[in-house]
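Commentary on secondary and tertiary structure
Residues per chain, in single letters:
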Amino acid sequence: KRRVEGALNVPFTDAVSGRLSVLYAERDGYTRNLFADAKARGIDELDDQDVWAARAQLRFAPSAGLEVLAQ
């Protein structure tokens, strides 16, 4: 099992900043498909996980009482 997460915060100005978050997760399956052609069709491990995810955010805070977050 592998899982890697990371985030990068970048201030553009005093009022504007950005953030980029990424995730990668991988896991080998623990259940075997025992049907005769399962390995040839690539479905011999049923519980595999292979996930990539990313999220970008933009924060705009023009004053102390106002903050806008776009995702």
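Cut-offs applied
- Residues numbered from 1 in each chain as written.
- Predicted model: local features only at pLDDT ≥ 70, side-chain atom pairs only at ≥ 80, totals over all residues.
- Heavy atoms only, no water.
- Salt bridge = Lys/Arg side-chain N within 4 Å of Asp/Glu carboxyl O.
- Helix = DSSP H or I, 4+ residues; strand = E, 2+ residues; numbered from the N terminus.
- Buried < 20%, exposed > 50% of the residue type's maximum accessible area, 1.4 Å probe, protein only.
- Pairing = 2+ DSSP bridges.

According to the stated counting rule, one finds three salt bridges in the structure shown. The partner of Glu26 in a salt bridge is Arg2, with the nearest N and O atoms 2.3 Å apart. Of this pair, Glu26 sits in strand E2 (residues 16-27) while Arg2 sits in strand E1 (residues 2-11), and the two are 24 residues apart along the sequence. Glu5 is paired through a salt bridge with Arg3; the nearest N and O atoms lie 2.9 Å apart. The exposure classification of Glu5 matches that of Arg3, with both residues exposed.

Inspection of the sheet shows E2 paired to strand E3 (residues 49-63) by 12 bridges, in the antiparallel sense. Within E3, the position partnered with Val22 by the bridge is Ala54. When E3 meets strand E4 (residues 66-70), the two strands line up antiparallel, connected through four bridges. Residue pairing across strands places Phe60 opposite Val68, the latter belonging to E4. Once E3 ends, the chain turns through two residues before running back antiparallel as E4.

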